[in-house]
Amino acid sequence: MCLAIPAKITELKDGNLATVDILGVTRDIAVDLTPQAGVGDFVLVHAGFAIEVVDPGYAQETIDLIKQFPELAGEDIPNVEESSR
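Only a predicted model underlies this, so the values are computations on that prediction, with no experimental measurement involved.

Peer 1: What is the right way to read the confidence of the model for the protein from this model?
Peer 2: Close inspection of predicted coordinates is inappropriate in any region flagged by low pLDDT. Chain-level pLDDT for the protein is 86 on average; 80% of the residues reach the 70-or-more range. The secondary-structure element of the protein with the lowest mean pLDDT is helix H3 (residues 80–83), recorded at 54, while strand E5 (residues 49–54) shows the highest, at 97.

Peer 1: Would you mind going over a nonpolar patch on the surface with me for this structure?
Peer 2: Taken together, the side chains of Leu-33, Phe-49 and Ile-51 define a hydrophobic patch exposed on the protein surface, amounting to about 270 Å² of accessible area. Checked against the element boundaries, Phe-49 lands in strand E5. Judged by relative accessible area, which is 35%, Phe-49 ranks as partly exposed.

Peer 1: Honestly, the nonpolar core in this entry has me stumped. Any pointers?
Peer 2: In this structure, Ile-9, Val-20, Ile-22, Ile-29, Val-43 and Val-45 are the most contacted members of the largest nonpolar core, which totals 14 residues. Taken together, the elements giving at least two residues each to this core come down to strand E1 (5–13), strand E2 (17–22), strand E4 (42–46) and helix H1 (56–67). Broken down by element, the residue count for this core peaks at 3 residues, all from E2. Those residues in contact with Ile-22 that lie beyond four places of it in its chain are Ile-5, Pro-6, Ala-7, Arg-27 and Val-45.

Peer 1: It is not clear to me how the pairing of strand E3 (residues 25–30) should be interpreted in this structure. Could you clarify?
Peer 2: Both faces of the sheet carry side chains from a regular strand, because those side chains alternate between them. Here E2 runs beside E3; their pairing, made up of 6 bridges, is antiparallel. When the sheet's bridge partners are listed, Val-20 is paired in E3 with Arg-27. Linkage of E2 to E3, two consecutive antiparallel strands, is achieved through a turn of 2 residues, within which Leu-23 is found at a positive phi near 55°.

Peer 1: Can you walk me through the pattern of salt bridges in this structure?
Peer 2: Pairs can form between side chains of opposite charge whenever their charged atoms are close. A full pass over the atoms with the stated rule returns 1 salt bridge. For the salt bridge of Lys-13 with Asp-28, the shortest nitrogen-to-oxygen distance reads 3.1 Å. Residue Lys-13 is located in strand E1, and its partner Asp-28 is located in strand E3; the two are separated by 15 residues in the primary sequence. Classification of Lys-13 as partly exposed rests on a relative accessible area of 33%.

Peer 1: Even after reading the chapter, I still don't get unusual backbone geometry, so can you show me in this structure?
Peer 2: A negative phi angle characterises most non-glycine residues, just as the trans form characterises most peptide bonds. Phi at Asn-16 takes a positive value of approximately 55°, unusual for a residue other than glycine. Looking at the secondary structure, you find Asn-16 in the loop between E1 and E2. Of note in this structure, Leu-23 is not a glycine but carries a positive phi near 55°. Its place among the elements puts Leu-23 in the loop between E2 and E3.

How each quantity is defined
Residues numbered from 1 in each chain as written. Predicted model: local features only at pLDDT ≥ 70, side-chain atom pairs only at ≥ 80, totals over all residues. Heavy atoms only, no water. pLDDT = per-residue confidence, 0-100. Helix = DSSP H or I, 4+ residues; strand = E, 2+ residues; numbered from the N terminus. Patch = residues over 30% accessible without salt bridge, like charges linked within 9 Å, V, L, I, M, F, W, Y side chains within 5 Å. Areas by Shrake-Rupley, 256 points an atom, 1.4 Å probe, with all protein chains shown as cover. Salt bridge = Lys/Arg side-chain N within 4 Å of Asp/Glu carboxyl O. Buried < 20%, exposed > 50% of the residue type's maximum accessible area, 1.4 Å probe, protein only. Core = buried A, V, L, I, M, F, W, Y, C linked by side-chain atoms within 4.5 Å. Contact = heavy atoms within 4.5 Å. Pairing = 2+ DSSP bridges.

Okay, structure coming up:
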C-alpha cells in the first residue's frame, strides 16, 4: 500500500523543486505535477513528488488519521496550525 502525506511548501526552488515541511521534517520534493502550487500551499507528497494541492482542512484531517497510528509516524506530530507559524 502507498500513502501520500500532506506537506506544506516552505520554499520554491529552481528546477521544479520545493522544500516542504512533512510532519515537522523538511524535505525537497518535485512539483512537476503541481505547477500551480506555491509557498504556503499544502500538497500531498508521494515518492518525492507533490501529486495534488489540498486545502489545510483536508491536510489536518489526514494528519489526524496518521496520529491514530503513531507506530507509523511517531508520537510528536504537529498540527497544521502549528506548522503554519
